[in-house]
There are 2 protein chains.
Amino acid sequence: MATTAVLSRFGASDRAQLAADAGRLIERLRKHGGGPNGGVTRLVYSPEWQAAMADIEEWLLESGLAVRHDAVGSRFGRLQGESSSVVLSGSHTDSVKQGGAYDGTLGVVIAGCAIGWLARNMGKPARTLEVFANCEEESSRFASNFWGSRALTGRIAPGETDRLTDENGVTIGSAMRACGLDPAAIPSAHRKDLGAYVEPHIEQGPVLVESRDVIGVVDRVVGVRVIRVTLHGVSGHAGTVPMANRHDPLAGAAEIMSGAETIARRMGPPAVATVGSIAAKPGGFNQVPGEATFTVDFRHTDSDVLDGLE
Amino acid sequence: MATTAVLSRFGASDRAQLAADAGRLIERLRKHGGGPNGGVTRLVYSPEWQAAMADIEEWLLESGLAVRHDAVGSRFGRLQGESSSVVLSGSHTDSVKQGGAYDGTLGVVIAGCAIGWLARNMGKPARTLEVFANCEEESSRFASNFWGSRALTGRIAPGETDRLTDENGVTIGSAMRACGLDPAAIPSAHRKDLGAYVEPHIEQGPVLVESRDVIGVVDRVVGVRVIRVTLHGVSGHAGTVPMANRHDPLAGAAEIMSGAETIARRMGPPAVATVGSIAAKPGGFNQVPGEATFTVDFRHTDSDVLDGLE
């Protein structure tokens with residue numbers, strides 16, 4: 001591969017060694033929250049998450065990197081370079097419920113293996129390199145999407161630590177404290193020394209499989225608009241309300257759903273529109289619904305197009 | 001009104017008296033299971049149902065009728081005529097959850113008031129008349145639709161009393177025994193002396209209101225076909241699976257729902273098609289569904305048409 005040519009000391013045995021190491025590390029991390037069917041549930045600040053983070057710290061230290069964590073609990077393994085500008089690389093350590101063992105973890109492992117190899121073989125780099133084990137990206141426990149990245153970029157709002165709660169009513173602030181983290185210190189996580197960020201991640205779609213490519217480079221990031229639509233109509237008896245007299249919100253929802261799908265198909269990639277959830281009330285098979293609620297998730301790379309879709 | 005002309009002894013004061021009696025009886029029955037919002041929950045063989053049936057027995061006796069109950073607990077108030085062939089009239093005494101106070105009850109009250117008036121004023125009729133307070137019609141507690149009518153027509157299958165259970169696992173047989181009824185006696189409820197049946201019932205649709213008619217006569221009974229459709233597709237990430245690669249069962253469901261609606265509208269009355277319930281799995285707003293389940297309720301008076309619709 002072209003990329004290996006620039007690393008004069010990187011040979012086939014290194015590649016085999018790194019591939020074996022990466023596989024072992026993935027399996028080691030899978031243990032923290034892994035279930036019998038291979039899926040992983042590792043919610044931020046849970047015992048499984050704490051165990052995974054402790055494990056990550058251990059192998060980053062073994063790789064010869066300087067390890068620290070920030071105020072929200074993200075871990076960093078640093079290889080100091082000539083320049084103070086940092087190239088950060090990694091991914092998230094939390095999972096969705098019953099997530100894949102490679103989701104997030106693969107990015108941390110790839111960055112760790114690569115920077116560890118560089119530390120052992122190439123000496124001090126021109127730019128400082130850091131492995132990033134992001135504490136949270138998945139809204140896995142709190143409605144706190146991008147918690148780790150928002151801490152890094154100074155975008156956690158005052159009061160969020162008391163406001164965000166999990167399904168048991170535990171605030172994210174108290175969950176942090178249970179992990180030995182101080183919510184008041186969050187502003188200290190804001191970094192201004194980051195020159196670049198590289199996030200290796202599994203592809204969650206079928207494009208690479210179908211094109212038979214081994215790797216893809218993200219050249220655009222889509223924006224997302226999620227709208228929750230509730231249509232109100234008039235509930236009635238399925239037998240006695242003639243079709244012409246109906247105000248059936250689910251029939252309307254079906255048309256809107258088909259419409260959203262058609263629009264996204266007509267626009268072509270990268271537009272996507274997804275109705276992921278739907279419900280009708282009262283919900284009896286023999287009742288004309290009085291209410292229909294569904295979500296529409298629009299994604300596109302162009303915010304003007306997104307505004308139009310919405 | 002033309003119908004009053006045939007009853008020479010029926011005058012305006014009788015009409016006013018009967019209307020007042022009927023209103024009082026409806027309110028008296030509403031007490032058994034009535035909630036603060038006016039709705040009534042009176043499931044078959046429940047304490048509320050037992051209290052309503054005891055109340056019905058009492059006023060049928062006061063009306064001068066011979067009262068008895070059958071093996072499943074339906075009550076009958078009999079005015080013996082010259083002929084043994086019986087004209088039965090009434091409706092159901094059970095309710096759906098939070099049903100209307102007039103649903104079912106009105107039919108029992110109208111029959112009771114009318115036959116009671118005849119008993120007091122007209123002497124022995126040519127044909128025997130009976131008020132029917134049907135124990136169950138609504139599948140209100142068990143999946144036992146038409147329990148009372150099926151008992152009358154000998155259509156309760158052996159073993160149903162042990163097989164049908166309510167949401168707490170109580171069998172309909174043990175619920176009957178708790179009301180002092182013997183499930184083994186069900187065959188004795190089968191009647192062959194019924195010459196005609198008249199069921200007065202509120203209209204549950206808007207047709208009479210719109211046509212400004214006071215009363216309608218049912219000239220056809222619709223058949224019902226309910227199908228539960230589950231479509232299987234391939235679940236995926238709402239962002240990373242391009243539209244062209246999707247196998248989204250909910251998108252397919254939306255088309256089928258619109259199609260069912262369109263077919264029923266095109267056919268015109270009495271055809272109706274209703275999708276009353278729907279769900280998508282896994283159900284996340286950011287997930288292409290992998291499964292969509294919905295019900296379609298088709299009704300028409302012609303069974304060949306129903307077969308075609310299905």
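Cut-offs used in this document
- Residues numbered from 1 in each chain as written.
- Chains lettered and ligands numbered in written order.
- Predicted model: local features only at pLDDT ≥ 70, side-chain atom pairs only at ≥ 80, totals over all residues.
- Heavy atoms only, no water.
- Helix = DSSP H or I, 4+ residues; strand = E, 2+ residues; numbered from the N terminus.
- Buried < 20%, exposed > 50% of the residue type's maximum accessible area, 1.4 Å probe, protein only.
- Contact = heavy atoms within 4.5 Å.
- Expected span 1.5 Å × (residues − 1).
- Arc of directions from axis to C-beta.
- Least-squares fit on C-alpha atoms with pLDDT ≥ 70 in both.
- Pairing = 2+ DSSP bridges.
- Axes fitted to C-alpha atoms, helices over the stretch in contact; angles between N-to-C directions.
- Parallel < 35°, antiparallel > 145°, perpendicular 65-115°, else oblique.
- Left-handed = near helix turned anticlockwise from the far one by under 90°.
- Nonpolar A, V, L, I, M, F, W, Y, C, P; charged D, E, K, R; others polar.
- Salt bridge = Lys/Arg side-chain N within 4 Å of Asp/Glu carboxyl O.
- Phe/Tyr/Trp six-rings, centres within 6.5 Å; stacked < 30°, edge-to-face > 60°.
- Lys NZ or Arg CZ within 6 Å of the ring centre and 35° of its normal.
- Domains from an automatic or database assignment.

**Considering the overall build of chain A**
- When helices and strands are counted, chain A shows ten helices and eleven strands.
- With respect to the three principal axes, the spread of C-alpha positions in chain A is 80 × 45 × 40 Å.
- The 310 residues of chain A split such that 45% are buried.
- Nonlocal contacts in chain A, meaning residues at least 24 apart in sequence, comprise 69% of its contacts between residues at least 6 apart.

**A look at the side chain of S89 of chain A**
- Secondary-structure assignment places S89 of chain A in strand β3 (residues 83–92).
- In this view, S89 of chain A contacts A111, E130, V131, F132, Y197, V198 and P200 of chain A; residues no more than four positions away in its chain are not counted.

**Here's the deal with helix α2 (residues 12–30) of chain B**
Residues and elements named next belong to chain B.
- The end-to-end C-alpha distance of α2, which contains 19 residues, comes to 27 Å, matching closely the 27 Å that a straight helix rising 1.5 Å per residue would cover.
- The complete set of buried residues in α2 reads D14, L18, A22, L25, I26 and L29. Along the axis of α2, the buried positions cluster into a sector of 105°, meaning they face one direction only. The outward face of α2, more than 90 degrees from its buried face, is lined by the exposed residues A12, S13, A16, A19 and R24.
- Looking at the buried residues of α2, the elements they touch are α3 (47–62) and α4 (105–121).

**Let's talk about the environment of C179 of chain A**
Residue and element names in this part refer to chain A.
- With respect to the helices, strands and loops of the structure, C179 is situated in the loop between α7 (172–178) and β5 (194–198).
- Residue class for C179 comes out buried when judged on its relative accessible area of 19%.
- A sequence separation of 106 residues divides C179 from G73, and the C-alpha atoms of the two residues are 8.3 Å apart.

**Some details on the relation of the copies chain A and chain B**
- When chain A is fitted to chain B, the best match, at an RMSD of 0.1 Å, comes from turning it 180° and sliding it 0.1 Å along the axis. As the rotation angle and translation indicate, the two copies are arranged about a two-fold axis. Looking at the rotation axis and the C-alpha trace of chain A, the residue lying nearest is A254 of chain A, at 2.3 Å.
- Same-surface contact between copies: 100% of interface residues of chain A are shared with the interface of chain B.

**Considering the sheet that holds β5 of chain A**
Residue and element names in this part refer to chain A.
- Within the open sheet, the five strands sit side by side as β1-β2-β4-β3-β5. Their pairing is mixed. Where the open sheet ends on each side, the last strands, each with one partner, are β1 (66–69) and β5. Taken pair by pair, the neighbouring strands of this sheet meet at an average axis angle of 25°, ignoring direction.
- Direction of pairing for β3 relative to strand β4 (residues 127–134): parallel, over a ladder of eight bridges.

**A word on the packing of helix α3 (residues 47–62) of chain A against helix α4 (residues 105–121) of chain A**
All names here are of chain A.
- The N-to-C vectors of α3 and α4 enclose an angle of 15°; their axes lie 10 Å apart at closest approach. What the angle tells us is that α3 and α4 run roughly parallel. Here α3 and α4 pass one another in a crossing that is right-handed. In contact with I56, W59 and L60 of α3, α4 contributes V108, V109 and G112.
- Here the contact of α3 with α4 is composed, by residue class, of five nonpolar, one polar and no charged.

**Here's the deal with the sheet that holds strand β4 (residues 127–134) of chain B**
Residue and element names in this part refer to chain B.
- Pairing is mixed across the open sheet formed by five strands, whose spatial order is β1-β2-β4-β3-β5. Two strands bound the open sheet, and with one partner strand each, they are β1 (66–69) and β5 (194–198). Averaged over all neighbouring strand pairs, the angle between strand axes comes to 25°, with direction disregarded.
- Bridge analysis of strand β3 (residues 83–92) against β5 gives four bridges, and the strand direction is parallel. Within β5, the position partnered with S89 by the bridge is V198.
- Of the strands in this sheet, β1, β2 (75–79) and β4 are in contact with α3, which crosses β2 at around 10°.

**Observations concerning the pattern of salt bridges**
Residues and elements named next belong to chain B.
- Summed over all chains, the structure comprises 32 salt bridges over all chains.
- Where R78 meets E130, a salt bridge forms, and the shortest distance between an N and an O atom there is 2.6 Å. Placement of the pair is R78 in strand β2 and E130 in strand β4, with a sequence separation of 52 residues.
- Owing to a relative accessible area of 25%, R78 belongs among the partly exposed residues under this scheme.
- Overall, the relative accessible area of 1% leaves E130 in the buried class.
- Between R220 and D219 there is a salt bridge, with the nearest N and O atoms lying 3.6 Å from each other.

**With respect to the packing of aromatic side chains**
- In this structure the tally under the stated criterion is eight aromatic pairs over all chains.
- When the ring of Y45 of chain A is compared with that of W49 of chain A, the centres are 5.0 Å apart and the planes differ by 75°; the resulting orientation is edge-to-face.
- Members of the aromatic cluster, connected to one another through ring pairs, are F76, F132 and Y197 of chain A.
- Its guanidinium or amino end placed over the ring of F76 of chain B, R68 of chain B lies 4.6 Å from that ring's centre, counting from NZ or CZ.
- A cation over an aromatic ring shows up here: R191 of chain B above the ring of F76 of chain B, its NZ or CZ 5.0 Å from the ring centre.

**Quick look at the domain arrangement of chain A**
- Per the domain assignment, the segments making up chain A are domain 1 (2–211) and domain 2 (223–309).
- The centre of domain 1 of chain A, based on its C-alpha atoms, is set 37 Å off from the matching centre of domain 2 of chain A.

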